[in-house]
Amino acid sequence: MPRVHLIGLATIGLVASAAGAEVEDRTVNRTVLGGNEFLAQGAEQIRVGQYDEGIRLTNIGLRQAPTVAERAAAFSNLCAAYAAKGNPDRAIDYCTQSIALKDHNWRAYSNRSYAFYLKGQYRKAHEDLAVAASINPDARQIATIRGMINERSLRPTVIMEDHR
Amino acid sequence: MSATRLGLPAAVCLATAVAVAPAAARKNHPSPALDPVGTWSCIVYSHPAFGDERVLLDVARDGSVRAAHLQDGEITAWVSLTRWEIEDATLTFTDSRSGRHYAADLTRATLGGGWRTLTLVGGWWCSPADFVAAPTIDRAKPEALMPPLLPSLTATPVYPIKAIRDAKQGRAVSCFLVDADGYVVQPELVELSDEIFRAPILNALARSRYQAWPDERVLRPGCRTFIFRLDPLTGATAD
């Protein structure tokens, strides 16, 4: 029986995408999940900030994931969890695996963008974010990450000239 | 000037009423609140490469406009411009020598607006001059009429965080009057690329000061251009 999980922004601004997505509200990140209970619970644990537990459950679910879509989502979730734990290198590795399986998963690009942001690789972060935005231009998470990147990578200057 | 001269001369009132009121009624356009008749001390600004000018404008009730420049501490001879017209609360006239076509929004608190030629644009802003223009002016008066407007404290606007997040850059020009104590009064934004920059600019102007001068009756016009720019941090684009 399908279950509805609201997958919102984690404290670090990441979305834990879920496996077995059947119906998706791309604006509010609502995903109706299929039957992989471990992946669903793993996503939920990541969402509430229990990253280690989320990673453990997701790894179990990953071993049981029969479809490419489920495996892609599981890798994206692991990417999100490791990025949230402050391990961007491992996060990037998982996101890259996810994208290799399913190259139109905006969440994987968005998560990897955040991981690049953590590493200070803002150009790569922008590139991934552009791909994510091309897939899902309405995702609020993308705008949030873009703002974070801009804060770190742009230097504001105000030039004034008096006319007198 | 605007408060004391709101009672427009009959001829001007009549002409304005005929020309403006029906259009205003049809299109819901604003009515002019400012009587432009009088002598004004103005700053005319443009691209930095062309510099700024201090100009005295004499807008007469008979529809004529004369201008005099301040050069080397002296006021030049008054030169006639084209006659002024008012339509939809906008005063217009042209300086045929420079080709500048001037327009002023008379719903503002003071006289000022923009000018354009075929290739250039700029702005102008005026304060009432406390004298009646004569064909020639005493050479001792210019400094009293137009004392140097020197900044003593130039506050920088805060770049809004939201603008940085949204990668918004922009440009604005604010024109204002400066009172004898050096405070900025009646600031208006005559150009504004994005509303997000309005509050920081007005806050900065409120904190800015100019050098004071003794004659409390004199308000001096000033304008300030603000450019909000975002540059990549060094090394930020390196991967």
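Please read these numbers as outputs of a predicted model, since none were measured by experiment. As a convention, each chain's residues are numbered from 1 in the sequence order in which they are written. Numbering of ligands from 1 and lettering of chains from A proceed in the order in which they are written. For this predicted model, a pLDDT threshold of at least 70 governs which residues receive local features, and a threshold of 80 or more governs which side-chain atom pairs are given and counted, while totals over whole chains, interfaces and linings are taken from all residues.

A. Broad picture of the overall build of chain A. In this text, helices come from DSSP runs of H or I with a minimum length of four residues, and strands from runs of E with a minimum of two, each type numbered from the N-terminal end. In terms of helices and strands, chain A carries seven helices and four strands. Start at the N end of chain A and walk to the C end: the helices and strands fall as β-β-β-α-α-α-α-α-α-α-β. Our exposure labels follow a C-beta count within 10 Å of each residue's own C-beta, placed from the backbone: buried means 20 or more other C-beta atoms, exposed means 12 or fewer, and partly exposed covers the counts in between. A total of 164 residues make up chain A; the buried ones form 48% of that total. Sequence-distant contacts in chain A: of pairs separated by 6 or more residues, those separated by 24 or more amount to 56%. Contact between two residues is assigned when their C-beta atoms, built from the backbone, lie within 7 Å.

B. The arrangement of helix α1 (residues 37–47) of chain A in detail. Residue and element names in this part refer to chain A. Buried residues dominate α1, accounting for eight of its 11 residues. Among the residues of α1, Leu-39, Ala-40, Gly-42, Ala-43, Glu-44, Gln-45, Ile-46 and Arg-47 are the ones counted as buried. Note on α1: the residue one or two positions beyond its end, Gly-49, has a positive phi of about 95°.

C. Inspection of the confidence of the model for chain A at higher detail. Per residue, pLDDT captures the predictor's confidence, and it can take any value from 0 to 100. Taken over all residues, the pLDDT of chain A has a mean of 82, while the share at 70 or more is 79%. Across residues 1–32 of chain A the pLDDT falls below 50, and counting only partners more than four positions away or on other chains, this stretch makes 89 contacts in the model.

D. Quick look at the nonpolar core. Counting residues in hydrophobic clusters, the biggest one holds 49 residues, and the most contacted among them are Cys-42, Leu-57 and Trp-124 of chain B. No other element matches strand β12 (residues 170–178) of chain B, which puts six residues into this core. Domains are outlined according to an automatic or database domain assignment. Both of domain 1 (10–145) and domain 2 (151–228) of chain B provide at least three residues apiece to this core. When sequence neighbours within four positions are dropped, the list of residues in contact with Trp-124 of chain B reads Cys-42, Ile-43, Val-44, Tyr-102, Gly-112, Gly-113 and Trp-115 of chain B. Counting residues in each nonpolar core, the second largest holds 39 residues, with Ala-43, Tyr-51, Ala-73 and Ala-115 of chain A among its members. Each nonpolar core consists of buried Ala, Val, Leu, Ile, Met, Phe, Trp, Tyr and Cys residues. Their C-beta atoms, within 7 Å, join them into a set.

E. Fine view of the interface of chain B and chain A. Listed as interface residues are 29 residues of chain B and, on the opposing side, 19 residues of chain A. In terms of residue count, strand β15 (residues 220–232) of chain B provides more of the side of chain B that touches chain A than any other element does, 11 residues in total. Residues belonging to the side of chain B that touches chain A are distributed by class as follows: 17 nonpolar, five polar and seven charged. With 10 bridges connecting them, strand β4 (residues 154–163) of chain A and β15 of chain B associate as antiparallel partners. Each bridged residue has a counterpart across the sheet, and for Met-160 of chain A the counterpart in β15 of chain B is Phe-226 of chain B. Residues are grouped as follows: nonpolar covers Ala, Val, Leu, Ile, Met, Phe, Trp, Tyr, Cys and Pro; charged covers Asp, Glu, Lys and Arg; every other residue, Gly included, is treated as polar. In this scheme, strands are said to pair when DSSP sees at least two bridges between them.

F. Layout of the pairing of β12 of chain B. Residues and elements named next belong to chain B. With eight of nine residues buried, β12 lies mostly within the body of the structure. Sheet analysis places β12 next to β15, joined by nine bridges and oriented antiparallel. Directly across from Val-178, in β15, lies its bridge partner Arg-220. Where β12 meets strand β13 (residues 184–192), six bridges bridge the pair, whose relative direction is antiparallel. Residue pairing across strands places Leu-177 opposite Val-185, the latter belonging to β13. The turn linking β12 back onto β13 is made up of five residues, and Gly-182 within it adopts a positive phi angle of 90°.

G. View of the packing of helix α4 (residues 88–101) of chain A against helix α5 (residues 106–118) of chain A. Residues and elements named next belong to chain A. To obtain each axis, a line is fitted to C-alpha atoms, and for helices this fit is confined to the stretch in contact; angles are then taken between N-to-C directions over 0 to 180 degrees. Where α4 meets α5, the closest approach of the two axes is 9 Å, and the angle between their N-to-C directions is 155°. Put simply, α4 runs roughly antiparallel to α5. Where α4 crosses over α5, the two elements pack in a sense that is left-handed. Facing Pro-88, Ala-91, Ile-92, Cys-95, Thr-96, Ser-98 and Ile-99 of α4, the residues of α5 in contact are Ala-108, Tyr-109, Asn-111, Arg-112, Ala-115, Phe-116 and Leu-118. For the contact of α4 with α5, the class distribution of residues is 10 nonpolar, three polar and one charged. Angular relationships are summarised with four words: roughly parallel below 35 degrees, roughly antiparallel beyond 145, roughly perpendicular across 65 to 115, and oblique for the angles in between. Handedness of a crossing is defined here by the sense of rotation of the near helix relative to the far one, left-handed for an anticlockwise turn of less than a right angle and right-handed for a clockwise turn.

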